[in-house]
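Fold and geometry: a report
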Amino acid sequence: MDILVCIKRVPDISGQITLDDSGTDIDDSGLGHTTSAHEECAVELAIQTAAATGGKVTVLTLGPAEAVEQLRAAVAVGAHDGILIEAEDPSVFAPEDIAQIIGDVIRDLAEQGQGFDLVLLGNDAADTGDFQVGIRLAYDLGYPVLTGVQALNATGGAGGGSGSSGGSTGASEAGALEARGIGPAGTEIFSLDLPAVIAVQEGGVDPRYPSITGRMKAKRARIAEYVAPEPGTGNPRLGLELPPETASAVTVLGEGPDAAGSLVDVLEEIGVIRS
Amino acid sequence: MTLVFVETDETGQVALTSAEAVTFARTNAAALARMAGSPSEQPSGASATSGGVAQRPEGSSEEGLGVDVAVIGALTDAAGEQLASLGVGRIHHFESADLEAYSAPAWAQALVEIAPETGTVLASGTPRGMELMAHVAVRTGERIAANVVAADDEGLLRQVLGGAAFERLNLDGDLQVLTIAGHACTPEETTPTSPEVLTHSPEVAAEDLRTRVVRTEVEAADDTSGLTQARAVVGAGRGVGSQDGFDEVLELVDHLGGALGVSRVVTGLGWRPHAEQVGQTGSRITPDVYIACGISGAIQHMAGIEGAKTLIAINTDEESTMVQRADYAIIGDLHEVVGAVNEEIRNRRG
Ligand SMILES: Cc1cc2nc3c(=O)[nH]c(=O)nc-3n(C[C@H](O)[C@H](O)[C@H](O)COP(=O)(O)OP(=O)(O)OC[C@H]3O[C@@H](n4cnc5c(N)ncnc54)[C@H](O)[C@@H]3O)c2cc1C
């Protein structure tokens, strides 16, 4: 099964952030960058599924030239090649633009004979949290779509490259898949025909670390390049705001085990100690 | 008028997150109506008008006039009463064999059938709410604002970067599609309404059933309800030190009849299952007390505990965000401190 995984370069925030001069974006010049957490799991799921079905994994990102780092990081853990859709400032695009651009690239590749049986993405990106590029992409391609998926199991049909027949819905020839995700009442199991779009939720697999040979391979990996068109819909953002700084109001009960009694007093007051 | 998609839990009660969403819709009705380009005040019993304002039921209280809800599947008496006390105008109840098993496109299409009557459609920002609103937005050709926390004269404000920043935006379509971030408001009862129940039995297209749930397996390992419903949660982070270092925190969980919640480092290292993870990519919890042991307080972790009433930190680093953000803190090694807390509880019990 040939799988395309769409990933996003996001700033690695753990502490305080600041805004840039325009006030419409964060200043990420001093921040590291990473891949969204759900998408790291999507890459891992793709690698496992492709290995089990004798297929190939391609990673795609829409982002600045530097986003090639995230593509190479995915190749270092087992993806085969990458596609960079270069856009200097991806924040000018709305999710509907991004879905449309990815859809166009998928159609273009299908015309060139490189089809995909399955497209994976993360549920939502760590920065924007929009939760919709995968769903919009599926509608654009006419494929079924699932979100919140944590595990995949190919149940029939698809050998590697069967999506290459064209890209539009050649469903049943492309095989079928069982997908599992956490629903409100437990693990939900879905069965669906390929090709399909699946948005992945962290938690079902542990992303692996790159090996030394993986890193070497990543340096040489083939990265196909596209240039993003002008934004269509555009981002409706008017500006960004930071939450007000709140002064710490902590009551330090003490240091070490001697403070245990005061803590138990607090817990008794709240009324959470089982009698 | 705003239409709110409401989720119920396995006991038939309205989910807390949905109660938040209904409250958000009611308390922000004027701002939402202005943004949707429709007047917020209508005389009681007014018939359907232009501008997306739907007909209002007679006899419902003034406050509840702006909010209708959609319930798909079983509608219990208990849920009906809760919705009345939350001040809703009408309940759209969707019942169809095709909607019994969850399929996002089919459920979204059901909402789309009544969406043109409304100016705003919203759901809580749960995975299901997010998924449905995204389908609704595509099917109605609209944009979406996810994780909204406020609506006012300047437009919508939504959380981005896991809550580290807020984005201000305006949706410009005919229908506003939103999801409401967890804890954007506290569920608030109001003068009870007597909502009219409108039953719908939509026809579902075969194509919309391609992604129907085929079965649900309930296993203890992925049941997060204990964590999300516990009154006391003891959080454990990297500071625990190893997979074998959880004895003290688990004993404290037991003394409190609560639940264990962990940071992503802990699940990433494989010390505990992901179902116990609290945060942006884990569960969002609302306990009376959260005791964070050896957790630094990264923004993605804090995103999951905003709803905790009292926050207690046990950490060796008094400068850590968790200590700075806590109500109470003890500075020290968590094994020693939690061990002493357990002993104290045992002693007081006698
Ligand atoms: C997209 C994305 C999503 C994420 N989602 C989540 C999420 O859902 N949940 C989540 O938790 N994280 C999430 N993270 C990860 C997050 O950024 C942090 O890496 C993580 O929360 C840190 O876990 P920690 O506090 O246990 O570890 P650390 O940050 O390493 O902190 C350990 C703390 O323990 C203290 N300590 C050490 N030893 C002791 C001791 N003996 N006694 C007492 N204290 C001690 C230290 O002082 C320190 O404060 C996410 C990250 C990204 C990028």
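Residues numbered from 1 in each chain as written. Chains lettered and ligands numbered in written order. Predicted model: local features only at pLDDT ≥ 70, side-chain atom pairs only at ≥ 80, totals over all residues. Heavy atoms only, no water.

Going by the annotation in an unreviewed UniProt entry, the name recorded for chain B is Electron transfer flavoprotein alpha subunit, with Brevibacterium marinum given as the source organism. As stated in UniProt under Sequence similarities (unreviewed entry), the record for chain B gives "Belongs to the ETF alpha-subunit/FixB family." (UniProt positions renumbered as here; feature names shortened; annotations may be inferred.)

You'll find chain A entered in an unreviewed UniProt entry as Electron transfer flavoprotein beta subunit, with Brevibacterium marinum given as the organism. Recorded in UniProt under Function (unreviewed entry), the annotation for chain A is "The electron transfer flavoprotein serves as a specific electron acceptor for other dehydrogenases. It transfers the electrons to the main respiratory chain via ETF-ubiquinone oxidoreductase (ETF dehydrogenase)." Under the UniProt heading Cofactor (unreviewed entry), the note attached to chain A is "FAD".

What follows concerns the interface of chain A and chain B. With 79 residues of chain A at the interface, the matching set in chain B holds 80 residues. Roughly 6500 Å² of surface becomes buried between chain A and chain B when both sides are summed, with 57% attributable to carbon and sulfur atoms. On the chain A side of the interface with chain B, the three residues burying the most area are A:Tyr139, A:Glu241 and A:Arg274, jointly 9% of the side's total. Counting across the chain A and chain B interface gives ten salt bridges. For the interface between chain A and chain B, the tally reads 37 residue pairs in polar contact (both at pLDDT 80 or more). Secondary-structure elements contributing two or more residues to the side of chain A that touches chain B are helix H1 (37-53), helix H4 (133-141), strand E7 (145-156), strand E8 (176-183), strand E9 (186-193), strand E12 (237-241), strand E13 (251-255) and helix H6 (260-270) of chain A. Considering each element in turn, the side of chain A that touches chain B owes the most residues, nine residues, to H6(A). Bridge analysis of E9(A) against strand E10 (residues 213-217) of chain B gives four bridges, and the strand direction is antiparallel. Across the sheet, the residue bridging to A:Glu188 is B:Thr216, located in E10(B). (Contact = heavy atoms within 4.5 Å. Buried area = accessible area lost by both parts, 1.4 Å probe. Salt bridge = Lys/Arg side-chain N within 4 Å of Asp/Glu carboxyl O. Polar contact = N/O pair within 3.5 Å; in protein donor to acceptor, adjacent residues only side chain to side chain. Helix = DSSP H or I, 4+ residues; strand = E, 2+ residues; numbered from the N terminus. Pairing = 2+ DSSP bridges.)

What follows concerns the site of the ligand. Close to the ligand lie 26 residues, the nearest being B:Arg238, B:Ser263, B:Ser296, B:Gln300 and B:His301. Of the chains in the model, those with residues near the ligand are chains A and B. One nitrogen or oxygen atom from the side chain of B:Arg238 is found 2.6 Å from an oxygen atom belonging to the ligand. The contact in question runs from a nitrogen atom of the ligand to an N or O atom on the backbone of B:Leu334, over 2.9 Å. Contact with the protein chains hides 82% of the accessible area of the ligand, taken as 990 Å² for the molecule alone. Counting only elements with at least two residues in the shell around the ligand, the list comes to helix H8 (264-268) and helix H9 (299-305) of chain B. For the shell around the ligand, the class distribution of residues is seven nonpolar, 15 polar and four charged. (Near = heavy atom within 4 Å. Areas by Shrake-Rupley, 256 points an atom, 1.4 Å probe, with all protein chains shown as cover. Nonpolar A, V, L, I, M, F, W, Y, C, P; charged D, E, K, R; others polar.)

Mapped onto the fold, B:His135 is located in helix H5 (residues 127-140). For B:His135, the residues in contact, after removing those within four places along its chain, are A:Ile135, A:Tyr139, A:Val145, B:Ala104, B:Pro105 and B:Ala108.

A word on the packing of aromatic side chains. All names here are of chain B. As enumerated under the stated definition, the model contains three aromatic pairs over all chains in all. Grouped by ring-pair contacts, the aromatic residues Phe5, Tyr102 and Trp107 constitute a single cluster. Between Arg128 and the ring centre of Tyr102, over which it is positioned, the NZ or CZ distance is 3.5 Å. Taking the ring centre of Phe246 as reference, the NZ or CZ of Arg272 above it sits at 5.6 Å. (Phe/Tyr/Trp six-rings, centres within 6.5 Å; stacked < 30°, edge-to-face > 60°. Lys NZ or Arg CZ within 6 Å of the ring centre and 35° of its normal.)

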